[in-house]
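Chain and residue survey
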Amino acid sequence: AQSVAQPEDQVNVAEGNPLTVKCTYSVSGNPYLFWYVQYPNRGLQFLLKYITGDNLVKGSYGFEAEFNKSQTSFHLKKPSALVSDSALYFCAVRDRGDYQLIWGAGTKLIIKP
Amino acid sequence: DGGITQSPKYLFRKEGQNVTLSCEQNLNHDAMYWYRQDPGQGLRLIYYSQIVNDFQKGDIAEGYSVSREKKESFPLTVTSAQKNPTAFYLCASSPGLAGINQETQYFGPGTRLLVL
């Protein structure tokens, strides 16, 4: 069965430090991979996606993610965290032969001043 | 939240009542989706529509109904058969369901449904 795991419910980082939000997946074929961010009581905003090509994908607000096929991971990273990055982050995956996005449970990112 | 509007922001449902959540998009997208979000869980797909006058059930369609009479609109009705409707409901759209550049979904601001 296809699945997405975000192993950390919450990640705490000091402002200015690098941050990583982890995502691993299980799909039967080659995946499309996505990261979205959600601010309180708001809809989700698209951050970045991996479709094909370079394993390092750059997205909005200085975020990037690295696709690692051997480890079936797609961790979200940022070199220097901002307090305004505090939000709920969702990883999602889609098998190229399917229509449906499979969502992780979300990771709450807290950036402390 | 670019181009997708949902109303109302908050909705209260009484016992045995059907309520309808509105979703409108001006992105000229073919595909539209309804998700339910509960605390501590990822998004769960209720219904999706690839094209006008066509829609399919997602993972948790029971107790919900939809229509797609216009490309821009995809309203969701929460019926009295849905026994636990309290949740945050998110509408999304994408250019289409197929193809490399067709799959990114864009979300509305959401509607929070509460039961009185």
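Before reading on, note that the structure itself is shown above.
In this report, we go over the structure that sits alongside the text. Note that the coordinates shown come from a computational prediction; the quantities given were computed from them, not determined experimentally.

Considerations on the overall build of chain B
- A tally of helices and strands in chain B yields zero helices and 11 strands.
- In terms of C-alpha radius of gyration, chain B reaches 13 Å, essentially the compact-globule figure of 13 Å for 116 residues.
- Sorting the 116 residues of chain B into buried and exposed places 49% on the buried side.
- Nonlocal contacts in chain B, meaning residues at least 24 apart in sequence, comprise 54% of its contacts between residues at least 6 apart.
- When the 11 positive and 11 negative side-chain charges of chain B are each reduced to one mean point, those points stand 8 Å apart.

A word on the side chain of D85(A)
- In this fold, D85(A) is placed in the loop between β9 (73–78) and β10 (87–95).
- Among all residues touching D85(A), those that are not within four sequence positions of it are L19(A), F63(A), K78(A), S80(A), L109(A) and I111(A).

A short note on the pattern of salt bridges
Residue and element names in this part refer to chain B.
- Tallied over the entire structure, the rule returns five salt bridges over all chains.
- Two residues, K71 and D30, come together in a salt bridge whose shortest N-O distance is 3.4 Å. Of this pair, K71 sits in the loop between β7 (64–66) and β8 (76–78) while D30 sits in the loop between β3 (19–25) and β4 (31–37); the two residues are 41 residues apart in sequence, bridging distant segments of the chain.
- Where D38 meets R36, a salt bridge forms, and the shortest distance between an N and an O atom there is 2.8 Å. When sorted by exposure, D38 lands in the same class as R36, which is buried.
- One continuous salt-bridge network, built from bridges that share partners, spans R36, D38 and R44.

Observations regarding the nonpolar core
- Ranked by internal contacts, the top residues of the largest apolar core, which has 28 residues, are L19(A), W35(A), L47(A), L48(A), F74(A), L76(A) and Y89(A).
- For this core, the secondary-structure elements that each account for two or more residues are β2 (10–14), β3 (19–21), β5 (31–38), β6 (44–50), β8 (64–68), β9, β10 and β12 (107–112) of chain A.
- For this core, the leading source of residues is β10(A), giving four residues.
- For F74(A), the contacting residues outside a window of four places in its chain are C23(A), L33(A), F34(A), W35(A), L48(A), K49(A), Y50(A), A65(A), E66(A) and F67(A).
- Judged by nonpolar contacts, the second largest core, of 20 residues, contains M32(B), I60(B), F74(B) and V78(B).

What to know about unusual backbone geometry
- In this chain, S7(B) is followed by P8(B) through a cis amide linkage whose omega measures -5°.
- Locating P8(B) in the fold gives a position in the loop between β1 (4–7) and β2 (10–13).
- Of note in the backbone geometry, Y61(A) takes a positive phi value of approximately 60° without being a glycine.
- Here the phi dihedral of T72(A) falls at roughly 45°; this positive angle occurs in a residue that is not glycine.
- Along the polypeptide, T72(A) turns up in the loop between β8 and β9.
- The class for T72(A) is partly exposed, based on a relative accessible area of 30%.

Cut-off values and rules
- Residues numbered from 1 in each chain as written.
- Chains lettered and ligands numbered in written order.
- Predicted model: local features only at pLDDT ≥ 70, side-chain atom pairs only at ≥ 80, totals over all residues.
- Heavy atoms only, no water.
- Helix = DSSP H or I, 4+ residues; strand = E, 2+ residues; numbered from the N terminus.
- Rg over C-alpha atoms; globule rule 2.2 N^0.38 Å.
- Buried < 20%, exposed > 50% of the residue type's maximum accessible area, 1.4 Å probe, protein only.
- Contact = heavy atoms within 4.5 Å.
- Lys, Arg positive; Asp, Glu negative; His and termini not counted.
- Charge placed at Lys NZ, Arg CZ, Asp CG, Glu CD.
- Salt bridge = Lys/Arg side-chain N within 4 Å of Asp/Glu carboxyl O.
- Core = buried A, V, L, I, M, F, W, Y, C linked by side-chain atoms within 4.5 Å.

Interpretation note: all reported values are geometric properties and have no functional meaning in isolation.
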